[in-house]
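Spelled out from the first residue to the last, the chains are:
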Amino acid sequence: MPIERATFLKVLVSRHNESSELATSKSPSPDTPWSPPASRSRYRPVIALTYWPLVVTSLVGLTLCFMLGQARHEQDRAQEHSRLLQDLSTVRARLEATAQATFGPTLSLEAMIQLDGGITPERFNALSQRVITLLPQVRNIVAAPDDVARFVYPVTGNESVINLQYRSIPIQYAQIQLARSQGRALLVAPVKLVQGGIGIIQRTPVFLPQLDGTAPAYWGVVSVVSDLGKFIQAAGLTEHPRLTLALYQWDEEQHKKGSLVWGDPATQDRDNSAQEFVHLPGATWILLGAPQAQPNLFSDWLGVEVMAGLLATAALTGLAGVVVHRRRQLQAKNRRLSRQIEESQRNQRATKVAEERFRSLTELSADWVWEQDAQYRFVYYSRDNVGATGSFSPRILGLRRWESPEADPHIDWTDHIAQVERHEPFRNFEYSQISAKGELRHVSISGEPLFDDLGQFAGYRGTGRDITDTKLAELALRKSEATLQLTKDRLQAVLDSAREVSIIVTDLNGRIVLFNRGAELMLGYAESELLGQSVARIHVKEELQSWGAQLNPADDGLTFDIDAFMAQKFEHDTVTSAWRYVRKDGHHLNVSLTTSLMRGRNGKPSGWLAIARDVSAQRQAQRDLERLNVELETRVENRTSELQQTLTALRHTQDDLLRAEKMAALGSLVAGIAHELNTPLGNCLTTASTLEGMTQQIRKHFDSGQMRKSVLQSYLDDARLACSILLRSMSTATELVTHFKQISVDQTTAQRRDFKLQSVVDDVLVLLRTPLRKAGVTVSVEIGVVDKLDSYPGPLGQVLTNLIMNAIMHAFEPLDVADTEPVESPDRHILIRALPAGPALPGSHPSFTLILEDNGQGMTYEVTRRAFDPFFTTKMGQGGTGLGLNIVYNIVTGILGGLVDLHSEPGQGARFTLNLPYVAPDHSAHNTGVDGLRSR
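The structure displayed is predicted, hence computed values, not measured ones. (Residues numbered from 1 in each chain as written. Predicted model: local features only at pLDDT ≥ 70, side-chain atom pairs only at ≥ 80, totals over all residues. Heavy atoms only, no water.)

1. Things to note about the sheet that holds strand β13 (residues 440-451)
Here is the rule: Here, a strand pair is defined by DSSP locating no fewer than two bridges between the strands. Each helix is a run of H or I in the DSSP string that is no shorter than four residues. Each strand is a run of E no shorter than two, and both are numbered from the N terminus. Only the stretch in contact is used when fitting a helix axis, every axis being a line fitted to C-alpha atoms; angles between N-to-C directions are given from 0 to 180 degrees. Residue contacts are counted whenever heavy atoms from the two residues lie within 4.5 Å of one another.
Read across the sheet, 5 strands follow the order β11-β10-β14-β13-β12 without closing on themselves; strand pairing throughout is antiparallel. Two strands lie at the open edges of the sheet, namely β11 (378-381) and β12 (426-434), each paired on one side alone. Between one strand and the next, the sheet's axes are offset by a mean angle of 30 degrees, whatever the strand orientation. With 3 bridges connecting them, strand β10 (residues 368-372) and β11 associate as antiparallel partners. Each residue of the ladder has a partner; that of W370, found in β11, is Y381. Most of the contacts of helix α11 (residues 414-421) go to β12, to which it runs at about 135 degrees, and overall it touches β12, β13 and β14 (457-466).

See the structure below:
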């Protein structure tokens with residue numbers, strides 16, 4: 001070991017011994033008795049403060065008990081309010097349903113008057129009788145054309161109302177005028193009735209549409225009077241077991257609650273009341289409700305939770321007292337032990353001081369110390385460096401560094417050997433070693449040459465450090481940078497491909513770090529011109545100053561702070577707003593700018609992503625549209641009446657479309673009948689004209705007196721043949737007219753009668769003979785039902801007609817036949833079968849099965865699933881309306897009381913299966929099935 005290092009260690013040990021002796025002389029003797037300090041006595045008056053946990057425990061427990069009681073009270077109030085809202089919603093629904101049922105007949109009367117242009121007393125009395133029979137709360141119904149009560153039901157008790165002119169009663173006439181001006185029903189309540197009691201009156205103005213397209217003409221008013229008490233009872237408001245209810249009118253002009261309609265007025269003064277808006281035909285009411293029972297505060301505050309909390313508080317307070325007392329005893333004992341431990345630790349620290357100083361100098365943290373002699377052989381290693389370099393120091397002692405068996409054989413030591421031979425100091429010389437496990441370790445060494453007192457070279461002393469982790473980290477960093485650059489290049493390529501939008505990325509200071517090709521095209525700048533520049537360069541200065549003023553309203557000057565501007569978006573990670581960009585040439589662009597806050601993996605903001613889309617054309621279009629809207633305001637005012645008429649017409653659009661579909665089908669039948677009648681009637685006309693010519697000739701022979709027997713005999717034979725042709729042709733025409741008459745009467749009147757299924761099928765096929773022949777379709781009929789049906793032949797015929805016409809239009813492709821008559825083909829076939837027994841239907845009525853199937857092109861699953869939907873067709877614009885199968889479904893499941901099923905696959909044709917009862921349901925009670933069909 002060199003002299004310098006041995007001398008240093010001797011000095012270090014001597015200094016350690018001196019410090020140990022000094023510490024020993026100052027420490028008290030273990031035999032010296034310990035006495036408490038004199039100042040301890042002044043703490044005795046505050047010993048009671050050590051029991052503060054008892055006070056804190058009591059206060060916390062009582063506070064928790066109070067919070068439990070308060071929470072339970074609030075929970076009970078919330079549950080009670082939720083139940084109240086649920087009950088009010090149920091009552092409101094029942095009240096609206098009762099009002100709709102009570103005042104709904106006025107819609108039927110209004111539609112009937114608009115459709116017929118008026119109403120007869122018989123139809124008025126029939127409808128009113130059914131309404132009053134079903135709805136006992138309705139007292140009377142009045143129809144007043146020209147505001148004169150011409151129709152009243154019931155008449156008994158209302159004789160004074162007949163021919164009453166409402167103009168003579170200012171209050172009622174004012175209500176009628178208000179409903180007329182609003183163009184909708186008006187509901188008035190409460191009203192003191194002349195017949196006695198309190199009632200509700202609904203007045204509905206009736207307007208007749210004009211064929212010339214002008215504004216509808218005012219016909220009169222229809223009034224329905226309902227008893228308020230029975231109406232409330234029918235709605236179930238008087239029987240509610242839990243609520244106190246009240247009804248108030250709603251003033252739509254002033255948006256506040258109006259006068260009381262019914263109920264307890266004290267309900268509105270209850271602090272636990274709630275309200276619901278009730279929308280009635282002609283008015284809006286407010287339904288107020290409050291629980292009948294008052295809340296019990298005593299039960300909320302003395303519940304099980306509060307009592308349990310008080311008991312737990314008492315128990316915890318007692319336990320805290322025991323713990324505090326025990327703690328004081330332990331503290332006294334710990335103070336005695338602490339003084340003994342401090343004395344022992346002071347002695348141990350003095351002993352270890354020298355050891356710690358020496359270890360800190362020799363180990364040099366993570367580095368190690370080495371020494372070489374004058375021949376560059378290792379003579380000292382400060383510690384075992386197996387963990388650092390993979391080499392065990394005794395193995396390299398006596399060897400030169402480049403002679404180490406662990407040294408990488410590929411290292412070039414030439415420069416290093418030359419430097420140490422020149423006895424020069426070196427810093428951070430790096431080389432690699434191979435450990436016993438075959439791992440490559442990197443080492444960095446630094447050294448200083450040593451000289452003795454005579455100036456002779458004595459060797460080297462230096463330090464070494466394992467830099468393997470640093471090297472690996474540098475290698476990983478280079479790979480990561482390469483990967484990052486590749487990812488950045490790909491990202492830049494993706495961003496540059498988005499040329500329709502501008503994509504700009506900035507840091508948190510607003511400096512541009514990415515500028516895509518779309519931004520270059522939009523703004524006219526090259527990417528190199530704006531990288532590192534402030535984003536404010538492409539914004540309009542006035543807009544930025546405006547944003548700055550909004551962010552700092554207290555600032556009197558219009559200075560712009562880019563930091564404040566960027567920071568304001570931290571409230572939301574993504575913000576979309578309208579801005580103006582400034583191009584390089586100075587022109588402004590209106591853009592829709594979406595700014596998103598970018599965050600790193602740690603969740604901290606790292607920059608901004610701004611995606612802008614040029615909306616200049618949209619803004620110009622919007623300005624043009626606004627200017628056009630201003631110009632159209634005057635036109636809108638002039639066409640208000642037309643729009644109101646259009647709105648009224650739209651309400652009946654669906655009914656008109658269904659009626660048009662039916663009339664179109666009937667028109668198709670008329671066209672077919674006309675075509676079929678053309679042949680026999682043409683034969684009759686030709687035969688009659690020929691017979692007339694022969695009769696004129698025979699008349700000439702008769703008048704001239706030159707008639708011969710042979711001529712008369714020939715004329716008689718021809719006349720007999722002509723009469724035979726006329727009889728056959730007229731019989732055919734008569735048969736067609738009879739079938740058509742039966743079909744048309746059944747489908748237009750929907751009359752219920754007994755009939756044979758075979759006769760309905762034959763009538764339909766006769767009338768559809770022409771479209772079937774044109775489509776080249778053959779029809780086979782197998783009717784196994786011989787019993788008569790008590791049903792509606794008209795709707796059933798319409799179902800068959802729609803199904804056959806649907807097959808002609810959709811199942812088979814149109815024939816490509818020019819100027820020739822189509823020929824029926826077995827490849828285009830429809831089969832109609834009827835089985836006498838069918839599945840059970842609702843109501844347990846006997847049923848039969850009617851099947852209509854074709855061998856056409858079939859349907860896909862999607863078409864089959866939506867076939868019965870209204871307005872769904874695969875032939876839109878080619879003659880299809882989308883209502884044919886929807887009418888079939890409504891008639892079968894409604895009027896006929898049966899079921900319909902469709903099965904089809906592409907290329908396998910389609911099969912419609914109808915399960916129908918022998919006795920159709922009776923619709924006279926509800927007047928919805930048959931009348932609904934007739935109205936359409």
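After presenting the structure, the write-up continues.
2. Things to note about the packing of helix α2 (residues 52-103) against helix α3 (residues 105-116)
Each packed pair of helices is defined by two parameters, the angle between the axes and the distance between the axes. Heads up, the rule is: Each residue gets one of three labels, nonpolar for Ala, Val, Leu, Ile, Met, Phe, Trp, Tyr, Cys and Pro, charged for Asp, Glu, Lys and Arg, and polar for the others, Gly among them.
The contact between α2 and α3 brings their axes to 5 Å, and the two run at 35 degrees. Note on element contacts: α3 touches α2 through P105, T106 and L107, opposite Q100, A101, T102 and F103. Residue composition of the contact of α2 with α3, grouped by class: 4 nonpolar, 3 polar and no charged.

3. A few points about unusual backbone geometry
Going by this rule: Only protein chains enter the accessibility calculation, which uses a 1.4 Å probe; a residue whose area is less than 20% of its type maximum is buried, one above 50% is exposed, and one in between is partly exposed.
The linkage connecting Y153 with the following residue, P154, adopts the cis geometry, with an omega of 0 degrees. Mapped onto the secondary structure, P154 falls in the loop between β2 (151-153) and α5 (170-182). Residues A189 and P190 are joined by a peptide bond in cis, for which omega reads -5 degrees. Structurally, the position occupied by P190 is in strand β3 (residues 186-192). With a phi angle near 55 degrees, H255 is a residue other than glycine that sits in the positive phi range. Checked against the element boundaries, H255 lands in the loop between β6 (243-251) and β7 (256-263). According to the relative accessible area criterion, H255 is exposed, its value standing at 59%. At N428, a residue that is not glycine, the phi angle is positive and equals roughly 55 degrees.

4. Focus on the nonpolar core
To keep it simple, the criterion reads: What is meant by a nonpolar core is a set of buried Ala, Val, Leu, Ile, Met, Phe, Trp, Tyr and Cys residues, joined one to another through side-chain atoms within 4.5 Å.
In this structure, L757, L796, I804, I832, L850, F912 and L914 are the most contacted members of the largest nonpolar core, which totals 48 residues. By residue number, the principal contributor to this core is helix α23 (residues 793-811), which donates 8 residues. In contact with L914, not counting residues within four places along its chain, are V799, L803, F848, T849, L850, V892, L899 and V900.

5. Focus: the pairing of strand β15 (residues 501-506)
The element β15 is extensively covered by neighbouring structure, given that 5 of its 6 residues are classed as buried. Two strands pair when backbone bridges link them, and β15 and strand β19 (residues 605-614) are joined in this way by 6 bridges, in the antiparallel orientation. In the sheet register, V501 faces β19, and the bridge partner there is R613. Relative to strand β16 (residues 512-515), β15 is paired through 3 bridges, and the arrangement is antiparallel. By the bridge assignment, V505 is partnered in β16 with L514.

6. Some words on a nonpolar patch on the surface
Cut-off, in case you're wondering: Only residues whose relative accessible area exceeds 30% and that form no salt bridge enter a patch; like-charged residues are grouped when within 9 Å of one another, and nonpolar side chains (Val, Leu, Ile, Met, Phe, Trp, Tyr) when within 5 Å. For every accessible area listed, the method is Shrake-Rupley and the probe measures 1.4 Å; residues are considered covered only by the protein chains on display. Here a salt bridge means any side-chain nitrogen of Lys or Arg lying within 4 Å of a carboxyl oxygen belonging to Asp or Glu.
Among the surface-exposed residues, W52, V56, V60, L64, F66 and M67 lie close enough to one another that they form a single nonpolar patch of about 620 Å² accessible area. As for its placement among the helices and strands, L64 is situated in helix α2.

7. Brief notes about the confidence of the model for the chain
For clarity, the cut-off: As a per-residue quantity, pLDDT reports the predictor's confidence and falls between 0 and 100.
Counting all residues, the mean pLDDT for the chain is 78, and 78% of those residues have values of 70 or more. Segment residues 1-46: pLDDT under 50, and 22 contacts once partners within four positions in sequence are set aside and those in other chains are kept. This stretch, residues 926-936, has a pLDDT under 50; its non-local contacts, to residues over four places away or in other chains, come to 21 contacts.

8. Remarks on α5
To keep things clear, this is the line we draw: To estimate the expected span of a helix, subtract one from its residue number and multiply by 1.5 Å. The arc in question is formed by the directions pointing from the helix axis toward the C-beta atoms.
Here α5 spans 18 Å end to end across 13 residues, near enough to the 18 Å set by a 1.5 Å rise per residue. The complete set of buried residues in α5 reads Q175, I176 and A179. Here the buried residues of α5 occupy an arc of 100 degrees about the axis, which is enough to place them on one side. Exposed and oriented more than 90 degrees from the buried face of α5 are P170 and S181. Looking at the buried residues of α5, the elements they touch are β3, β4 (198-208) and β5 (217-227). Backbone geometry just downstream of α5 places G183 in the positive-phi region, at approximately 70 degrees.

9. Some details on helix α12 (residues 468-497)
In an α-helix, one turn spans 3.6 residues; hence positions three or four apart end up facing the same way. Counted at 1.5 Å a residue, the expected span for α12 with its 30 residues is 44 Å, and the 43 Å between its end C-alpha atoms agrees. Listing the buried residues of α12 in full gives T468, Q492 and L495. On its buried side, α12 packs onto β13, β14, β15, β16 and α14 (527-530).

10. A word on the packing of aromatic side chains
Cut-off, in case you're wondering: Pairing of aromatic rings covers Phe, Tyr and Trp, the last counted by its six-membered ring, and requires centre-to-centre distances within 6.5 Å; plane angles under 30 degrees mean stacked, over 60 mean edge-to-face, and any other angle means tilted. The rule for a charge over a ring is simple: NZ of Lys or CZ of Arg within 6 Å of the ring centre, and within 35 degrees of the ring normal.
The full count for this structure, using the stated rule, is 16 aromatic pairs. On the numbers, 6.3 Å between centres and 50 degrees between planes, the contact of Y376 with W402 is tilted. Separated by 26 residues along the polypeptide, Y376 in the loop between β10 and β11 and W402 in the loop between α10 (393-396) and α11 bring together distant segments of the chain. With centroids separated by 5.6 Å and ring planes inclined at 45 degrees, the aromatic side chains of F868 and Y889 adopt a geometry described as tilted. You can see F868 sitting in the loop between α24 (861-866) and α25 (884-895) and its partner Y889 sitting in helix α25, a full 21 residues away along the chain. On the basis of relative accessibility, which here comes to 16%, the residue F868 falls in the buried class. Taken together, the ring pairs connect W370, Y376, F378, W402, F426, F451, F457 and Y460 into an aromatic cluster. In this arrangement the basic side chain of R180 is found over the ring face of Y218, its NZ or CZ atom lying 3.9 Å from the centre.

11. Digging into the sheet that holds strand β9 (residues 283-291)
Strands sit in the order β7-β6-β9-β8 across an open sheet of 4 strands; the sheet is antiparallel. Strands at the two margins of the open sheet, each flanked by one partner only, are β7 and β8 (274-280). Each strand of the sheet is rotated relative to its neighbour by a mean of 35 degrees, with strand direction disregarded. As defined by bridge partners, β8 adjoins β9 across 7 bridges and the pair is classed as antiparallel. Bridge assignment links H279 to a residue of β9, and that residue is T284. Lying on the sheet, α2 is in contact with β6, β8 and β9; it crosses β8 at an angle near 15 degrees.

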